[in-house]
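Each chain is listed here by its residues.
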Amino acid sequence: MPEGHSAIEPRLQALKSLSEGLLEGAACPGMRGNLLEIRHESSPLLDPVLLHRGADDFGVSISLTPSREMTSGQKVCCESAQLPFQDNVFCTVVLHHVISDGFEPELAEACRVLRRSGVLIVLGLNRMGWRYRAQDDFRRLPGLAPLAVRNRLESLGMGMKGFAGAGLGGKKRPALLQSGLGSACLPVADLLVLQAGKQN
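Residues numbered from 1 in each chain as written. Predicted model: local features only at pLDDT ≥ 70, side-chain atom pairs only at ≥ 80, totals over all residues. Heavy atoms only, no water.

Some thoughts on the overall build of the protein
Here's step 1: Scanning the protein from N- to C-terminus turns up 6 helices and 7 strands.
Here's step 2: Every one of the 200 residues in the protein was classed for burial, and the buried ones make up 50%.
Here's step 3: For the protein, the share of sequence-separated contacts (at least 6 apart) that also reach a separation of at least 24 residues comes to 71%. (Helix = DSSP H or I, 4+ residues; strand = E, 2+ residues; numbered from the N terminus. Buried < 20%, exposed > 50% of the residue type's maximum accessible area, 1.4 Å probe, protein only. Contact = heavy atoms within 4.5 Å.)

Written out as structure tokens, the structure is:
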């Protein structure tokens, strides 16, 4: 076991718990179809049932990491910055711990492959939050800048549907999904989820 591993594991478990709680709030329970998940290779593995919500029964669920190596549960190996999929094919795209300021190629690709009525979910550590600043360099996840990402989404023809924050000051205190980005808890939330869709 690598040195420092025992100190890292509880942090990953806490991050996983907060992430799953936020994704439950952002999920669209009635939506069925193809789902694409792109996650940072150092992010915790989330419960596939939570992410896929029956997508395997009605389509295909694909899990990718930006690395070139296959990971547990991954069905396709490709460049996440150049997805080998047609436009408008996925009803849900989840990007977790991949996006920082919105100029990552994965965000533009996610918007391209998302259906017109689909939902894009961006999950990440708030770069102003405690968990982002307290990370060690071994498994460093990018820090999400929500206003910059919102502006980038708008330039890509996307509109914000809502957001949520959790883990205020390192604590497990989730906030409910709301519209806009003006909540007082946003600057201090450790973990953020942004939900967007294509503008008509």
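A look at the pattern of salt bridges
Here's step 1: With the rule as written, the count across this model stands at 3 salt bridges.
Here's step 2: Its salt-bridge partner being R112, residue D87 comes within 2.7 Å of it at the nearest N-O pair. Here the residue D87 occupies a position in the loop between β2 (61-64) and β3 (90-96), and R112 occupies one in helix α4 (residues 105-113), the gap between them amounting to 25 residues.
Here's step 3: The exposure class assigned to D87 is partly exposed, which follows from its relative accessible area of 46%. (Salt bridge = Lys/Arg side-chain N within 4 Å of Asp/Glu carboxyl O.)

Observations concerning the confidence of the model for the protein
Here's step 1: Of all residues in the protein, 64% have pLDDT values of 70 or greater, and the mean over the chain is 76.
Here's step 2: Per-element mean pLDDT across the protein ranges from 51 in helix α3 (residues 55-58) up to 95 in α4.
Here's step 3: In this model, residues 1-7 is a region of pLDDT below 50 whose contacts with residues beyond four sequence positions or in other chains number 0 contacts.
Here's step 4: Considering only residues more than four positions removed or in separate chains, one finds that residues 173-180, a stretch of pLDDT under 50, has 26 contacts. (pLDDT = per-residue confidence, 0-100.)

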